[in-house]
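The primary structure of each chain is shown beneath.
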Amino acid sequence: MKNIYNEVAKYKESIMKHKDTLEKYLEKSPEGSIKIDNRPEGTLFALRTNTDGQNKVKYISKKDTKVLSKYASKRFAKDALNVLNKNLKACEGFLNVHSTLEIEDVAAQYPDEFRKANTLYKDKKAIIDEWRAVEYRSNQYRLDQLVCKASDGNMYRSKAEVMIAEILLKYNLPFRYECEMYLGNMKHPIFPDFTILNPKDMSEWYFEHFGMMDTSEYASNAVKKIIAYSNAGYELGNRFVFTVESSMTPLSIEYVEKIIRHYFID
């Protein structure tokens, strides 16, 4: 409910900004209004004004786009304001009635042992703790290549992977390094560089880094791997994300953080 509450609050702010823009426009708009008269022979535009208490009607040619533009914009502003006012009233009603609390806020008030013992509902913290506690089979190939250490004490195969791990650690995102998984109908497992539990919806994402893209064979294999992910239903932005670099275009920590924030934080 908190997420919905926050989204409605943001929407209310957006409405207020649009209302202010439209109201200021209407203050400067010309007097009168256009009546749209749909007839079998075509649409007519009648400009209605009131001068000294007298109503006047003047038909506007379709070719007079300058005048039509002014009154079309004014008509839109008034109609849009009506819609915004109704939506604003609905937002205010929702915000006044509903609580900002979510179910997980109820569980959060319990001691850890009591919270974890609850089988009816597990909050995000409990799910993340359980996921982190699961033992997994990691890649045992060429363990001698694990030569780069991150701040968590774990070893990685490249400085770029350490860079990614450090950003994940910075945001306390739960992840596994080179965890075994089977992609689609493949008979043999693969070991994605990072398997990340996305706190937004508790789904598992796979993060691959392709670090030698100026090597033709490596680049070809990288493309094949990306296609294999796609064929298995993991397309970029859909539980799958990857970064690339070459000797001339190294990976930057700013870019890694931007990617991670986009998919897992913001």
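The structure we're discussing is the one just above.
Here the structure is a predicted model, which is why all the values come from computation and not from measurement.

1. Some thoughts on the overall build of the protein
Right, so step 1: When its secondary structure is counted, the protein shows 8 helices and 9 strands.
Right, so step 2: Relative to a compact globule of 266 residues, whose C-alpha radius of gyration would be 18 Å, the protein shows 29 Å and is clearly more extended.
Right, so step 3: Of all 266 residues assigned to the protein, the portion counted as buried reaches 32%.
Right, so step 4: Considering only residue pairs separated by 6 or more positions, the protein has 53% of its internal contacts joining residues 24 or more positions apart.
Right, so step 5: Within the structure as shown, the protein displays about 17,600 Å² of accessible surface, and the carbon and sulfur contribution to it stands at 54%.
Right, so step 6: Charged side chains of the protein number 41 positive and 38 negative; the gap between the two group centres comes to 9 Å.

2. What to know about the sheet that holds strand β8 (residues 203-210)
Right, so step 1: Pairing within the open sheet is mixed, and its 4 strands lie in the order β6-β7-β8-β9. Of all the strands in the sheet, just β6 (175-177) and β9 (240-244) have a single pairing partner and so form its edges. When the angles between neighbouring strand axes are averaged without regard to direction, this sheet yields 20°.
Right, so step 2: Strand contacts of helix α7 (residues 216-231): β8 and β9, with the helix running at about 165° to β8, the strand carrying the most contacts.
Right, so step 3: Its contacts with the sheet put helix α8 (residues 253-265) on β7 (194-198), β8 and β9, and the angle it makes with β8 is roughly 160°.

3. Remarks on the environment of V244
Right, so step 1: For V244, the position within the fold is in strand β9.
Right, so step 2: Sequence separation between V244 and F210 is 34 residues, and the spatial gap between their C-alpha atoms is 4.7 Å.
Right, so step 3: The residues touching V244, leaving out its near neighbours within four places in the chain, are H209, F210, M213 and L251.

4. Considering the nonpolar core
Across soluble globular proteins, nonpolar side chains have a tendency to be buried as a group.
Right, so step 1: In this structure, Y156, I164, L168, F194, F207 and I260 are the most contacted members of the largest nonpolar core, which totals 23 residues.
Right, so step 2: Counting residues per element, the ones that place at least two in this core are α6 (159-170), β6, β7, β8 and α8.
Right, so step 3: The element contributing the most residues to this core is α6, with 6 residues.
Right, so step 4: In this structure, L168 is in contact with L173, F175, F194, I196 and I260, ignoring residues within four places of it in sequence.
Right, so step 5: Core analysis: the next-biggest nonpolar cluster, separate from the first, contains 12 residues, Y5, I15, A77 and L84 among them.

5. A word on the environment of F207
Right, so step 1: Tracing the sequence through the fold places F207 in strand β8.
Right, so step 2: Its relative accessible area of 0% is what places F207 among the buried residues.
Right, so step 3: Separated by 37 residues in sequence, F207 and K170 have C-alpha atoms that sit 16 Å apart.
Right, so step 4: Look past the residues within four positions of F207 in its chain and what remains in contact with it is I164, D193, F194, I196, V241, F242, T243, I259 and I260.

6. Here we look at the pattern of salt bridges
Right, so step 1: All told, the structure shown has 14 salt bridges when counted by the stated rule.
Right, so step 2: E130 serves as the salt-bridge partner of K122, at 3.3 Å between the closest nitrogen and oxygen.
Right, so step 3: E257 serves as the salt-bridge partner of K170, at 2.7 Å between the closest nitrogen and oxygen. Placement of the pair is K170 in helix α6 and E257 in helix α8, with a sequence separation of 87 residues.

7. Overview of unusual backbone geometry
Right, so step 1: Phi angles above zero are rare outside glycine, and R142 is one such case at about 45°.
Right, so step 2: The residue R142 is located in the loop between α5 (124-133) and β4 (148-149) in this model.
Right, so step 3: Even without being glycine, E178 reaches a positive phi, approximately 50°.

8. Section: the pairing of β7
Right, so step 1: With 5 of 5 residues buried, β7 lies mostly within the body of the structure.
Right, so step 2: Alternating positions in β7 separate into two faces, F194, I196 and N198 on one and T195 and L197 on the other, with burial throughout.
Right, so step 3: Pairing between β6 and β7: 3 bridges, direction antiparallel. Within β7, the position partnered with R176 by the bridge is T195.
Right, so step 4: Once β7 ends, the chain turns through 4 residues before running back antiparallel as β8, passing M202 with a positive phi of about 65°.

9. Comments concerning the packing of aromatic side chains
Right, so step 1: Counted by the stated rule, this structure contains 14 aromatic pairs.
Right, so step 2: Look at W205 and F264: their rings are 5.4 Å apart centre to centre, the planes differ by 75°, and that puts the pair in the edge-to-face class. With W205 in strand β8 and F264 in helix α8, this pair connects stretches of sequence that are 59 residues apart.
Right, so step 3: By relative accessible area, F264 is classed as buried at 3%.
Right, so step 4: On the basis of an interplanar angle of 90° and a centroid distance of 5.4 Å, the ring pair of Y206 and Y234 is categorised as edge-to-face. With Y206 in strand β8 and Y234 in the loop between α7 and β9, the pair connects residues that are 28 residues apart, well separated along the chain. Accessibility assignment for this pair places Y206 and Y234 in one class, buried.
Right, so step 5: The rings of Y206, F210, Y229, Y234, F240 and F242 are connected pair by pair, giving a single aromatic cluster.
Right, so step 6: It is R176 that lies over the ring of W131; its NZ or CZ is 3.8 Å from the centre.

Calculation rules
- The written sequence of each chain sets the order in which its residues are numbered from 1.
- Since the coordinates come from a predicted model, pLDDT governs what is reported: local features require at least 70, and pairs of side-chain atoms require 80 or more to be given and counted, while whole-chain, interface and lining totals use all residues.
- In computing side-chain properties, one takes all heavy atoms of the structure into account and sets aside hydrogens as well as water.
- In DSSP terms, a helix is any run of H or I states spanning at least four residues, a strand is any run of E spanning at least two, and both are numbered starting from the N terminus.
- We take the radius of gyration over the C-alpha atoms and set the globule estimate at 2.2 Å times the residue count to the 0.38 power.
- The rule is simple: take the accessible area with a 1.4 Å probe, protein chains only, and divide by the maximum for that residue type; under 20% is buried, over 50% is exposed, in between is partly exposed.
- What makes two residues a contact is simply this: any of their non-hydrogen atoms within 4.5 Å.
- Calculation of accessible area relied on Shrake-Rupley with a 1.4 Å probe; when residues are assessed, cover is drawn exclusively from the protein chains displayed.
- Charge counting follows a simple rule: Lys and Arg are positive, Asp and Glu are negative, and His as well as the terminal groups are ignored.
- All charge positions are set by atom: Lys at NZ, Arg at CZ, Asp at CG, Glu at CD.
- Two strands make a pair as long as DSSP finds a minimum of two bridges between them.
- All axes are obtained by fitting lines to C-alpha atoms, using only the stretch in contact for helices, and the reported angles, taken between N-to-C directions, cover 0 to 180 degrees.
- We define the nonpolar core as a collection of buried residues of types Ala, Val, Leu, Ile, Met, Phe, Trp, Tyr and Cys that are connected through side-chain atoms lying within 4.5 Å of one another.
- A carboxyl oxygen of Asp or Glu within 4 Å of a side-chain nitrogen of Lys or Arg is what we treat as a salt bridge.
- To pair, rings of Phe, Tyr and Trp, with the six-membered ring standing in for Trp, must have centres within 6.5 Å; the planes then decide the type, stacked if under 30 degrees apart, edge-to-face if over 60, and tilted in the middle.
- For a ring to carry a charge above it, either NZ of a lysine or CZ of an arginine must fall within 6 Å of the ring centroid while also lying within 35 degrees of the normal to the ring plane.

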